[in-house]
Amino acid sequence: MIIRVSLWLLACAFLALLLNQLLLWLSVPGLPEFFAQLSIAIILAAFGLLLTGGLLLGIQLIFASLSDYFSAPQRSLRRLLFILNRQENLKQQFYFKKLKLDLIHEAHRQRILKANERKHLNALANTIAQDLLTIKNQVPRATFLQLQQENNCYRKQQNGAALLQLQQKIAALIPS
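Below is a summary of the structure that appears in this document. Counting restarts for each chain, with residues numbered from 1 along the sequence as it is written. With pLDDT at 70 or above as the cut-off, local features in this predicted model cover only qualifying residues; side-chain atom pairs require 80 or more to be listed or tallied, and sums for whole chains, interfaces and linings still use all residues. Calculated side-chain values reflect all of the structure's heavy atoms, with hydrogen atoms and water omitted.

**Description of the pattern of salt bridges**
Turning to step 1, where the next piece is worked out: In what follows, salt bridge is the name for a side-chain nitrogen of Lys or Arg lying within 4 Å of a carboxyl oxygen of Asp or Glu. Taken as a whole and judged by the stated rule, the model has 3 salt bridges.
Turning to step 2, where the next piece is worked out: With a shortest N-O distance of 3.3 Å, Asp102 and Lys98 are connected by a salt bridge. Of this pair, Asp102 and Lys98 both sit in helix α3 (residues 72-134), separated by 4 residues, roughly a single helical turn.
Turning to step 3, where the next piece is worked out: Between Glu150 and Lys169 there is a salt bridge; the shortest N-O distance is 3.7 Å. With Glu150 in helix α4 (residues 141-157) and Lys169 in helix α5 (residues 160-173), the pair connects residues that are 19 residues apart, well separated along the chain. Think of it this way: any DSSP run of H or I at least four residues long counts as a helix, any run of E at least two long counts as a strand, and we number them from the N terminus.

In structure tokens form, the structure reads like this:
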């Protein structure tokens, strides 16, 4: 509505300017100046009306948006979205805590496994050392020292397969 009125005012202003030009062409004294002032006033009124209407419409939209924002359905919707977001965050926290605990438990299990393996390899090396002591007098000294050196080397390397082969080699040397 305001736009239509403003456009009509602008049309009237242009009509007044045309009348002004016509009166200037006819050389009528005084009237062209009056119509020029009138057309300027009408143009200013049209733009003022447009500006005022736009401001009023903007203010009306702002108040409508604010009232909609603070309305009960919007508040409950925001509360619901907040709760859903919080729930999603808790799910993610739970997942990452579970992942962290799994990693910690796996590392602990690996540490225990390595300690157990090291314990068994040391026990195997001690058994081999005992077997070497039993055959010390039955084998040449160089062979005994070489076998003892291999046992110590494989123990330091924690090489289970080599220790088992060494034990089989010593078992073959033990007379039945």
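**Observations concerning α4**
Turning to step 1, where the next piece is worked out: End to end, α4 covers 24 Å across 17 residues, agreeing with the expected 24 Å (1.5 Å per residue, within 8%).
Turning to step 2, where the next piece is worked out: Taken together, the buried positions of α4 are Phe144, Leu147, Glu150 and Asn151. Around the axis of α4, the buried residues are gathered within 125° of arc, so they sit on the same side. Of the exposed residues in α4, the ones pointing more than 90 degrees away from its buried face are Arg141, Ala142, Gln149 and Lys156.
Turning to step 3, where the next piece is worked out: In this analysis, two residues are considered to be in contact whenever any of their non-hydrogen atoms come within 4.5 Å of each other. In this structure, the buried side of α4 is in contact with α3 and α5. Any helix carries an expected span of 1.5 Å times its number of residues minus one. Exposed residues in this analysis have more than 50% of their type's maximum accessible area, buried residues have under 20%, and partly exposed residues fall in between, with area computed by a 1.4 Å probe over protein chains only. What the arc covers is the set of directions going from the helix axis to the C-beta atoms.

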